[in-house]
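Here's the letter readout for the chains.
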Amino acid sequence: MAQTLKRLGIMGGTFDPIHYGHLVAAEGARHAFQLEKVIFIPAGRPPHKTGRKISDPHHRWIMTELAVASNPYFDTSSIEVERPGYSYTIDTVREVRNLYPGAEIFFITGADAVLEILNWKNVNELLEMCWFIAATRPGYPLGNLKRRLAGIDPEHVKRIIPMEVPALAISSTEIRARVQEGRPIKYLLPEPVEAYILNRGLYKS
Ligand SMILES: Nc1ncnc2c1ncn2[C@@H]1O[C@H](COP(=O)(O)OP(=O)(O)OP(=O)(O)O)[C@@H](O)[C@H]1O
Ligand SMILES: O=C(O)c1ccc[n+]([C@@H]2O[C@H](COP(=O)([O-])O)[C@@H](O)[C@H]2O)c1
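What counts, and at which threshold
Residues numbered from 1 in each chain as written. Chains lettered and ligands numbered in written order. Predicted model: local features only at pLDDT ≥ 70, side-chain atom pairs only at ≥ 80, totals over all residues. UniProt positions renumbered as here; feature names shortened; annotations may be inferred. Helix = DSSP H or I, 4+ residues; strand = E, 2+ residues; numbered from the N terminus. Rg over C-alpha atoms; globule rule 2.2 N^0.38 Å. Buried ≥ 20, exposed ≤ 12 C-beta atoms within 10 Å, placed from the backbone. Contact = placed C-beta atoms within 7 Å. Near = placed C-beta within 6 Å. Nonpolar A, V, L, I, M, F, W, Y, C, P; charged D, E, K, R; others polar. Pairing = 2+ DSSP bridges. Axes fitted to C-alpha atoms, helices over the stretch in contact; angles between N-to-C directions. Parallel < 35°, antiparallel > 145°, perpendicular 65-115°, else oblique. Arc of directions from axis to C-beta. Core = buried A, V, L, I, M, F, W, Y, C linked by C-beta atoms within 7 Å.

Looking up the protein chain in an unreviewed UniProt entry gives the name Probable nicotinate-nucleotide adenylyltransferase, with the organism given as Desulfofundulus luciae. Under the heading Function (unreviewed entry), UniProt records this for the protein chain: "Catalyzes the reversible adenylation of nicotinate mononucleotide (NaMN) to nicotinic acid adenine dinucleotide (NaAD)." On record in UniProt, under Sequence similarities (unreviewed entry), the comment for the protein chain is "Belongs to the NadD family."

Right, here's the structure in full:
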């Protein structure tokens, strides 16, 4: 059913697993851009990660649910998990616009993802439909976006807004490696997510 909101955030990601880097970026965006809600949307089949093993979308979606439960502004959606084929953001933003007609949409990414946006499907159309918030991330300097995204219409590049967040050098890759090597992951991600990973034996092999 369609809902009325003025400013809506979407945090897209593979979330394999979700960690505090994602949550801090989303909460920073919620506050800075007065977003009434941030919907976390785990990618069902990320188009750019075809060459690597990704956990079952069901696990990634449950971990996302567990991670956002304590924040009344956060929600999740399984639209990408349920949609067959590759999870293109353009399709997701179109769907979200139908569910929230009239809402201004802010797609939240980290600096690494936004620097790859040139390769995204229908990027110019996407930037006409929503704003992009590019959260700072250690190791991915965001300087001179206009030059680095020279393939995109400069008017559209203005739709990408850098946002400073507390630097957390956490990645899902590092968490998976830690689990595999028996090193701790505590304090890198919410406790219920940690418990889920350990109970289900994720990332062991
Ligand atoms: N520590 C972080 N700080 C800021 N943004 C982040 C951080 N970690 C991830 N993001 C952003 O969150 C979004 C989803 O990221 P993703 O689920 O791929 O996590 P990841 O840690 O980058 O995963 P992986 O290591 O498996 O590639 C991306 O836009 C990414 O740039
Ligand atoms: O639509 C695309 O072409 C596209 C290409 C690469 C990434 N994305 C989206 O960008 C978000 C962050 O991706 P990732 O790999 O950093 O988790 C996630 O929602 C992906 O679906 C989208």
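Engineer: Account for the overall build of the protein chain, naming residues and giving values.
Structural biologist: Along its length, the protein chain carries 10 helices and six strands. Its C-alpha atoms give the protein chain a radius of gyration of 16 Å, within 12% of the compact-globule value 17 Å for 205 residues. C-alpha extents for the protein chain along the principal axes are approximately 50 × 40 × 35 Å. Considering the protein chain as a whole, with its 205 residues, one finds that 37% of them fall into the buried category. Contacts in the protein chain between residues far apart in sequence, at least 24 positions, make up 77% of those at least 6 positions apart.

Engineer: Break down the UniProt feature "domain: Cytidyltransferase-like" (unreviewed entry) in the protein chain for me, with residues and values.
Structural biologist: On the UniProt side, "domain: Cytidyltransferase-like" (unreviewed entry) is annotated at positions that read residues 10–178 here. Segment residues 10–178 splits into 39% helix and 17% strand. End C-alpha atoms: 28 Å apart.

Engineer: An account of the site of ligand 2 is needed here, citing residue identities and associated values.
Structural biologist: Around ligand 2, the structure places 16 residues, and the nearest of them are G12, T14, Y88, T89 and W120. The set of elements that each furnish at least two residues to the shell around ligand 2 consists of β1 (7–13) and α4 (89–99). The residue inventory of the shell around ligand 2, partitioned by class, reads seven nonpolar, seven polar and two charged.

Engineer: I'd like a description of the sheet that holds strand β6 (residues 160–163), backed by residues and values.
Structural biologist: The strand order across the open sheet formed by six strands is β3-β2-β1-β4-β5-β6, and the pairing between neighbours is parallel. In this open sheet, the two strands that pair with only one neighbour each are β3 (74–76) and β6. The sheet shows a mean angle of 30° between the axes of neighbouring strands, direction not considered. As defined by bridge partners, β1 adjoins strand β2 (residues 37–42) across six bridges and the pair is classed as parallel.

Engineer: Which residues make up the packing of helix α2 (residues 57–68) against helix α10 (residues 191–200), and what are the values?
Structural biologist: Remark: α2 packs on α10, axes separated minimally by 8 Å, with the N-to-C direction vectors making an angle of 150°. Regarding the angle of α2 to α10, the classification is roughly antiparallel. When α2 is examined against α10, the residues H59, I62, M63, L66 and A67 are found in contact with a partner set consisting of P192, V193, Y196 and R200. Here the contact of α2 with α10 is built from residues that sort into seven nonpolar, one polar and one charged.

Engineer: Give me α4: which residues, what numbers.
Structural biologist: The complete set of buried residues in α4 reads T89, T92 and V96. Down the axis of α4, the sector holding all buried residues measures 60°, keeping them to one side. Contacts from the buried residues of α4 go to β1, β2, α3 (79–82), β4 (104–110) and α6 (123–129).

Engineer: Give me the lowdown on the environment of V179, citing residues and values where you can.
Structural biologist: As for its position among the elements, V179 is in helix α9 (residues 172–181). The spatial distance from the C-alpha of V179 to the C-alpha of Y203 is 6.1 Å, given a sequence separation of 24 residues. Residue contacts for V179: discarding those within four places in its chain leaves I185, I197, L202, Y203 and K204.

Engineer: Residue-level account of the nonpolar core, with values.
Structural biologist: Among the nonpolar cores identified, the biggest contains 46 residues, and A26, A29, V38, I108, F132 and A135 are the most heavily contacted of them. When residues no more than four places from it in sequence are discounted, the contact partners of A29 are G9, L35, V38, F106, I108, I133, A135 and M163.

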